[in-house]
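Spelled out from the first residue to the last, the chains are:
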Amino acid sequence: MKFFGNVMAAYLTHLMADPLNPAFVPSVGYHQMYGSPNPDTVYRTATVDGRGIYELHGYRGTAPDVTIMPFGAPTANGLETFTELNLDDLPLDDSGRFEVTLSEVRPPGVECWWRLRPETRSLMLRSVSHDWGAHSDPRVAIVRTDRAAARSHRDAVSARLQSYSQVVEAMMMSGIRRVEQLRGAGVVNRLVAVDYRQGGARADQWYQEGCFELGPDEALLIETTLPQGCNTFSLSLTDAYFSTIDWAGTQSSLNHEQARIGSDRDVKLVVASTDVGVANWLDTAGHDTGVLQFRWSGGSQAPELGIHKVPVAACAAMHQPGERIDPHERAEAVRRRRVGAQLRSLW
């Protein structure tokens with residue numbers, strides 16, 4: 001499944017990529033299975049030429065956090081990144097519509113303008129919502145204005161086609177290598193801090209990652225207290241290839257809206273393949289190994305975590321009645337996930 005998802009992702013973002021005729025297309029997400037996308041984020045990417053002039057037209061929507069991350073060429077630490085662009089900085093008309101020009105130098109007479117670094121190769125539009133389906137995602141069009149629109153030259157398409165298989169392989173191997181790195185460093189059934197800012201992560205976001213490795217009767221009990229200022233989070237699981245596990249059909253992720261948080265800001269999680277009857281269960285969906293990927297926002301540092309491997313049979317007794325959930329409540333929670341995930345923008 002990961003292979004076919006990567007084939008689709010490479011078709012959209014590489015084979016069909018044309019800086020003369022760009023469009024924001026799905027880049028990483030539920031169906032592409034590339035990387036470890038945040039289940040709370042819709043990602044779309046447009047290929048651009050940083051030396052060109054572009055106009056963005058669209059509607060901001062109501063998602064709480066909408067930004068554009070400009071990316072450059074590949075480096076040893078991932079794609080080169082530039083200053084993030086926030087749609088909240090744009091003036092909106094009465095209908096919520098905006099228009100902004102992107103270029104290296106502000107064109108004469110242009111009032112709303114963002115600087116585009118000449119090294120820029122793509123723009124990733126990110127729409128974050130922790131209440132799936134309750135907000136509208138942005139609608140954004142991009143057009144190049146310094147050159148006349150034209151069909152892609154067949155030589156350019158041919159060149160992209162010749163490198164297509166290498167791009168798919170690179171997508172596949174990027175996740176596999178990340179899991180190998182964690183396992184090689186002995187980061188199993190524990191988490192370590194990871195700095196993804198050079199890869200486009202938000203400046204106020206803290207990452208923690210580690211592999212899980214569990215038998216059918218084993219679970220991980222994870223406990224933490226949210227530091228002051230750390231009010232949002234997104235906690236998710238990936239498979240052994242670093243693809244986020246199906247977050248619509250299973251509770252393989254939780255955010256601060258979905259999880260139960262104690263009055264003293266305590267958060268208690270259980271990672272297991274079996275439903276242990278607690279609200280904050282992260283479902284491995286039958287995967288005996290994969291990656292824990294935790295994102296925390298705000299505060300001066302990531303929370304300190306206590307992680308213990310425990311028997312599945314003992315998990316329920318380790319939780320207070322208010323932390324537990326019955327089968328009817330679980331089914332309703334998964335139903336809401338399925339509905340919310342489909343109400344978000346898929347394109």
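Calculation notes
Residues numbered from 1 in each chain as written. Predicted model: local features only at pLDDT ≥ 70, side-chain atom pairs only at ≥ 80, totals over all residues. Heavy atoms only, no water. Helix = DSSP H or I, 4+ residues; strand = E, 2+ residues; numbered from the N terminus. Buried < 20%, exposed > 50% of the residue type's maximum accessible area, 1.4 Å probe, protein only. Contact = heavy atoms within 4.5 Å. Salt bridge = Lys/Arg side-chain N within 4 Å of Asp/Glu carboxyl O. Pairing = 2+ DSSP bridges. Axes fitted to C-alpha atoms, helices over the stretch in contact; angles between N-to-C directions. Polar contact = N/O pair within 3.5 Å; in protein donor to acceptor, adjacent residues only side chain to side chain. Phe/Tyr/Trp six-rings, centres within 6.5 Å; stacked < 30°, edge-to-face > 60°. Core = buried A, V, L, I, M, F, W, Y, C linked by side-chain atoms within 4.5 Å.

Undergrad: Can you break down the overall build of the protein residue by residue, with the values?
TA: Across its full length, the protein holds four helices and 19 strands. In terms of overall dimensions, the protein has C-alpha extents of about 65 × 45 × 35 Å along its principal axes. Classification of the 347 residues of the protein by burial places 49% in the buried group. Considering only contacts in the protein between residues 6 or more positions apart, those separated by 24 or more positions represent 76%.

Undergrad: Quick rundown of the pattern of salt bridges? Include the residues and the values.
TA: On inspection of all chains with the given rule, the structure shows 16 salt bridges. Measuring nitrogen to oxygen at the nearest pair gives 3.6 Å for the salt bridge that ties E218 to K309. With a gap of 91 residues between them, E218 in strand 13 (residues 218-225) and K309 in strand 19 (residues 305-311) connect regions that are remote in the sequence. Of the charged contacts in the structure, one is a salt bridge between K268 and E323, with a shortest N-O distance of 3.6 Å. Taken as a pair, K268 in strand 16 (residues 266-272) and E323 in the loop between strand 19 and helix 4 (327-343) lie far apart in primary sequence, 55 residues in all. Its relative accessible area of 18% is what places K268 among the buried residues. Among the charged side chains, a network of salt bridges with common partners joins D49, R51, R144 and D146.

Undergrad: Which residues make up the pairing of strand 16, and what values go with them?
TA: Across the seven residues of strand 16, six count as buried, placing the element largely inside the fold. With six bridges joining them, strand 13 and strand 16 adopt antiparallel strand pairing. Across the sheet, T225 pairs through a bridge with D266, a residue of strand 16.

Undergrad: Pulling in residues and values, what's your account of the sheet that holds strand 18 (residues 289-297)?
TA: Taken in spatial order, the five strands make up an open sheet running 11-12-18-14-15, and their pairing is antiparallel. Each having just a single partner strand, strand 11 (192-194) and strand 15 (253-255) make up the two edges of the open sheet. Neighbouring strand axes in the sheet, compared pairwise and without regard to direction, differ in orientation by 20° on average. Here helix 3 (residues 164-184) sits on the sheet and contacts strand 11, strand 12 (205-213) and strand 18; the angle it forms with strand 12, its principal contact strand, is near 75°.

Undergrad: Talk me through the sheet that holds strand 17 (residues 281-283); I want residue IDs and the actual numbers.
TA: Pairing within the open sheet is mixed, and its four strands lie in the order 17-16-13-19. The open sheet terminates on both sides in strands that have one partner only, identified here as strand 17 and strand 19. Strand-to-strand twist of the sheet, defined as the mean angle between neighbouring strand axes without regard to direction, takes the value 25°.

Undergrad: An account of the side chain of N280 is requested, with residue identities and associated values reported.
TA: Position of N280 relative to the elements: it lies in the loop between strand 16 and strand 17. A distance of 2.8 Å separates the side chain of N280 from the backbone oxygen of R260, its partner in a polar contact. A polar contact is formed between the side chain of N280 and the backbone oxygen of K268, at a distance of 3.1 Å. Setting aside residues no more than four positions away along its own chain, N280 makes contact with Q251, L254, A259, R260, V267, K268, L269 and V270.

Undergrad: Break down the environment of D275 for me, citing the residues and quoting the values.
TA: Its place among the elements puts D275 in the loop between strand 16 and strand 17. Taking relative accessible area as the criterion, D275 reaches 37% and is therefore assigned partly exposed. Beyond its immediate sequence surroundings of up to four residues, D275 is in contact with W281 and R330. Within polar-contact distance, the side chain of D275 engages the backbone nitrogen of G277 at 2.9 Å.

Undergrad: So, unusual backbone geometry: which residues are in play, and what are the values?
TA: A positive phi angle is found at F242, which is not glycine, with a value near 70°. With a phi close to 55°, A285 is a non-glycine residue in the positive phi region. Given a relative accessible area of 37%, A285 falls into the partly exposed group.

Undergrad: Give me the lowdown on the pairing of strand 14 (residues 232-238), citing residues and values where you can.
TA: Among the seven residues in strand 14, six count as buried, and that is most of the element. Relative to strand 15, strand 14 runs antiparallel, the two being bridged by three bridges. Residue pairing for strand 15: S236 is matched across the bridge by S253.

Undergrad: Let's hear about the packing of aromatic side chains: which residues, and what values?
TA: Scanning all chains against the criterion turns up four aromatic pairs. Where F3 meets F4, the ring centres are 5.4 Å apart and the plane angle is 70°; that geometry is what we call edge-to-face. On the accessibility criterion, F4 (60% relative accessible area) is exposed. Taken together, a centroid distance of 5.2 Å and an interplanar angle of 85° make the contact between Y30 and W247 edge-to-face. Of this pair, Y30 sits in the loop between strand 1 (25-26) and strand 2 (41-47) while W247 is found in the loop between strand 14 and strand 15, placing the two residues 217 residues apart along the sequence. What makes Y30 partly exposed here is its relative accessible area of 33%.

Undergrad: Give me the nonpolar core: which residues, what numbers.
TA: Nonpolar side chains in soluble globular proteins tend to be buried together. Counting residues in each nonpolar core, the largest one holds 22 residues, and the members touching the most others are V271, L292, F294 and W296. Among the elements of the structure, strand 13, strand 14, strand 16 and strand 18 are those that each provide at least two residues to this core. Excluding residues that lie within four positions of it along the chain, V271 makes contacts with L214, A219, L220, I222, L237, L282, T284 and L292.

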